[in-house]
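# Overview (structure and organization)
Below are the chains, spelled out letter by letter.
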Amino acid sequence: PGTLEGALAEYGAAYSQTRAKRSLHWKRGHGRVEVTVELKDRSLTVVVTPVHLAVLACFDGGDAKSRAAGRDAALRLSLQELAAKLELPESLVRKSISFWVSKGVLLEVSVGLFEVQEALSVEAGLAGGHLDEDVEHSPGQAGRGSPAGREVERAAELKACEAFIQGMLTNHSALPLARIHHFLQSFMLDPLYTLTEAQLLDFLTRLCSEGKLDFSGASYS
């Protein structure tokens, strides 16, 4: 996105001034960005990859013709359009779309077509569905949209999630639910962490029942 490119260019120019005869070459697909998404009825601060930010930035602006006519129309884009615009693989763009859908930022208004969900409502929530229902249907990817495919993806996510949690508790003797949720949102990017805090609570409860974790009433260890 232009805002990120501008920030990189500004930092690169400052670096070149302090480090004579040296310049920076950015690896745009790496690293993390803390971004606050401002919507009509809420704001959301998350730590994401530059690819996540680039996907969301494509929805910024709305439809020019509708704005000129005085109508506030949301910009709608498909997976294929986003992938072509960003020159990225559809599989990578799909993961980013799924992340924003799970956060309630993007809404699938029809099969494979997305727009920004400016305001939350019961109707919008029912239309958009949960992340498990918001899998892109595209040529060559039908298996990912099937119930079996979603179950495989969720199983892989939970397995990675468990490994992350065990690693966190190696470095921290005990952690509360909110802290674990924040850590996973910040650092579990492949596969992408998409659970809500309530879903994480259910998963942690299951791990405790299996004897893999202990719960003190406030923290997990």
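## Considerations on the packing of aromatic side chains
One pass over the structure, following the stated rule, counts 2 aromatic pairs. An angle of 75° between the planes, with centres 5.0 Å apart, marks the rings of Phe-99 and Trp-100 as edge-to-face. Exposure remark for Phe-99: the relative accessible area of 3% places this residue in the buried category. Its relative accessible area of 0% is what places Trp-100 among the buried residues.

## Let's talk about helix H2 (residues 50-57)
Among the 8 residues in H2, 7 count as buried, and that is most of the element. Of the residues making up H2, those classed as buried are Pro-50, Val-51, His-52, Leu-53, Ala-54, Val-55 and Leu-56. The inward-facing, buried residues of H2 contact helix H1 (2-18), strand S1 (33-38), strand S2 (43-48), helix H4 (79-86), helix H5 (90-102) and strand S4 (106-110).

## A look at the pairing of strand S5 (residues 113-116)
Strand direction decides the pairing type here: strand S3 (residues 77-78) and S5, joined by 2 bridges, are antiparallel. In the strand pairing of S5, Leu-77 is matched with Phe-114. Here 4 bridges tie S4 to S5, and the two strands are oriented antiparallel to one another. From the neighbouring strand, Ser-110 faces S5, where its bridge partner is Leu-113. Between the end of S4 and the start of S5, which pair antiparallel, lie 2 residues, with Gly-112 showing a positive phi angle near 80°.

## Some words on H4
Along H4, the residues that are buried comprise Leu-79, Leu-82 and Ala-83. In a view along the axis of H4, the buried residues occupy a sector of 95°, so they form one face of it. Exposed side chains of H4 directed beyond 90 degrees from the buried face belong to Ala-84 and Lys-85. The inward-facing, buried residues of H4 abut H2, S3 and H5. Looking one or two places after H4, you find Glu-87, whose phi comes out positive at around 60°.

## Observations regarding unusual backbone geometry
One non-glycine residue, Glu-87, lies in positive phi territory at about 60°. As for its position among the elements, Glu-87 is in the loop between H4 and H5. With relative accessibility at 71%, the residue Glu-87 sits in the exposed group.

## Description of the environment of Tyr-11
Residue position: Tyr-11 is located in helix H1. Separated by 13 residues in sequence, Tyr-11 and Leu-24 have C-alpha atoms that sit 9.0 Å apart. Leave out the neighbours within four places in its chain, and Tyr-11 touches Leu-24 and Trp-26.

## As for the nonpolar core
The biggest cluster of nonpolar side chains holds 26 residues, and the ones touching the most others in it are Phe-59, Leu-82, Val-93, Ile-97, Trp-100 and Leu-106. Looking at this core, the elements that each hand over two or more residues are S1, S2, H2, H4, H5 and S5. Leaving out residues up to four positions away in the same chain, Leu-106 has contacts with Leu-56, Phe-59, Ile-97, Trp-100, Val-101, Glu-115, Val-116 and Gln-117. Formed by 20 residues, the second largest nonpolar core is a distinct cluster that contains Leu-158, Cys-161, Leu-204 and Tyr-220.

Criteria and thresholds
- Residues numbered from 1 in each chain as written.
- Predicted model: local features only at pLDDT ≥ 70, side-chain atom pairs only at ≥ 80, totals over all residues.
- Heavy atoms only, no water.
- Phe/Tyr/Trp six-rings, centres within 6.5 Å; stacked < 30°, edge-to-face > 60°.
- Buried < 20%, exposed > 50% of the residue type's maximum accessible area, 1.4 Å probe, protein only.
- Helix = DSSP H or I, 4+ residues; strand = E, 2+ residues; numbered from the N terminus.
- Contact = heavy atoms within 4.5 Å.
- Pairing = 2+ DSSP bridges.
- Arc of directions from axis to C-beta.
- Core = buried A, V, L, I, M, F, W, Y, C linked by side-chain atoms within 4.5 Å.

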